[in-house]
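Now for the letters of each chain:
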2 protein chains.
Amino acid sequence: MAAPATPRDPAQRKTDVLDKLRREVDCWVASASAIGDAYLIPLSFVWDGSTVTLATLRRSRTCRNLARAGWARLALGPTRDVVILEGPVTEISVDAIDPALADAFATATGFDPRQLAAQPEYVYLSVEPRRIQAWREANELPGRDVMIDGVWQA
Amino acid sequence: MAAPATPRDPAQRKTDVLDKLRREVDCWVASASAIGDAYLIPLSFVWDGSTVTLATLRRSRTCRNLARAGWARLALGPTRDVVILEGPVTEISVDAIDPALADAFATATGFDPRQLAAQPEYVYLSVEPRRIQAWREANELPGRDVMIDGVWQA
């Protein structure tokens, strides 16, 4: 295998994380039941500059798990350009969502839960990052914490 | 956005899943503690034709969570070409691993836990698929179950 690139400095990792949050459409969402059954699916999201907003069915396993835990761990890939983002989850109903945020979600993801009112009920899930990690290869594991306790490290 | 491709038939999905298992180096591994704290990291793996083998530190959160649960949910990406694989987990020590499998793991992943005996202890985690799902876009969600109860559906 080719030698991995030189590790990025904290400022570059922050730039790359923000770029990925703006650019990517989907993330991996891990969740768990109260008795420790893990679950994992991809969901579309929008980044509004401070928060990741997802949308899914209120009765889905992911929504029930995240509402219970009040905390989400999300990953953006690929696996050799990882961003892991954790933070508290707030459930927002289709009626209560900020219309500008809902518009941004629809533009980013190509689907608009507000248009699906006759379908099984969708909810938005807003995740405020408290911890963000970013690494590519093993040589970037040191320094992977780009946000700790809600504070950017660069 | 461009219209998504025509949904693949079951045989094509099986072919694509097996190809991805042979070709990919990393997968996403979801796990949870007994009290429902979800966790998610990427790990390297090898597919030997019937089983996914991972390796990680015995004291890592993922290893402890998977050993407790006895069940893993793994994902291969990207998020618009998803394979989700679930099944029982068996822990195999570095001393007990089949040498051919350990060799295959080292070749596939570029790292060999047997060479790290002086390091904190690594273990292999073998996941036997019981359920596999594969989809690209939303139009492939119907028919996404390519293996149910250990049986290929094509």
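Cut-offs used in this document
Residues numbered from 1 in each chain as written. Chains lettered and ligands numbered in written order. Predicted model: local features only at pLDDT ≥ 70, side-chain atom pairs only at ≥ 80, totals over all residues. Heavy atoms only, no water. Buried < 20%, exposed > 50% of the residue type's maximum accessible area, 1.4 Å probe, protein only. Helix = DSSP H or I, 4+ residues; strand = E, 2+ residues; numbered from the N terminus. Arc of directions from axis to C-beta. Contact = heavy atoms within 4.5 Å. Phe/Tyr/Trp six-rings, centres within 6.5 Å; stacked < 30°, edge-to-face > 60°. Pairing = 2+ DSSP bridges. Salt bridge = Lys/Arg side-chain N within 4 Å of Asp/Glu carboxyl O. pLDDT = per-residue confidence, 0-100. Buried area = accessible area lost by both parts, 1.4 Å probe.

With that settled, consider helix α2 (residues 61-69) of chain B. Residues and elements named next belong to chain B. Of the residues making up α2, those classed as buried are T62, C63, N65 and L66. The buried residues of α2 occupy an angular sector of 165 degrees when projected down its axis, which confines them to one face. Lining the buried residues of α2 we find β1 (26-32), β2 (38-47), β3 (52-57), β4 (71-76), β5 (82-93) and β6 (122-127). Among the residues trailing α2, G70 stands out with phi positive, at a value near 70 degrees.

On to the packing of aromatic side chains, then. Residue and element names in this part refer to chain A. Evaluation of the coordinates by the stated rule reveals six aromatic pairs over all chains. Between the aromatic rings of F105 and F111, the centroid separation amounts to 5.5 Å while the plane-to-plane angle is 70 degrees, which identifies the pairing as edge-to-face. Exposure remark for F105: the relative accessible area of 0% places this residue in the buried category. Feature note: the residues F105, F111, Y122 and Y124 constitute an aromatic cluster, connected by ring pairs.

Residue and element names in this part refer to chain A. Among the five residues in strand β7 (residues 131-135), four count as buried, and that is most of the element. For strand β5 (residues 82-93) and β7, the ladder comprises five bridges, and the chain directions are antiparallel. By the bridge assignment, E86 is partnered in β7 with R131. Alignment of β7 against strand β8 (residues 145-148), held across two bridges, turns out to be antiparallel. In the sheet register, I132 faces β8, and the bridge partner there is M147.

Residue and element names in this part refer to chain A. All told, the structure shown has 34 salt bridges over all chains when counted by the stated rule. For R130, the salt bridge goes to E128, with nearest N and O atoms at 3.9 Å. According to the relative accessible area criterion, E128 is partly exposed, its value standing at 39%. Because the salt bridges share partners, they merge into one network encompassing R8, R13, D16, K20, D81, R136 and E140.

To continue, consider the confidence of the model for chain A. Scored by pLDDT, chain A comes out at a mean of 95, with 96% of its residues at no less than 70. Prediction confidence for the complex, expressed as pTM and ipTM, is 0.95 and 0.94 respectively.

Before going further, it helps to examine the interface of chain B and chain A. For an interface, size is often stated in terms of accessible area lost upon the parts coming together. Between chain B and chain A, the contact holds 33 residues from the first and 33 residues from the second. With both chains or domains summed, chain B and chain A bury close to 2,200 Å², and 64% of this area falls on carbon and sulfur atoms. Inspection of the chain B/chain A interface yields two salt bridges. For R80 of chain B, the salt bridge goes to D26 of chain A, with nearest N and O atoms at 2.5 Å.

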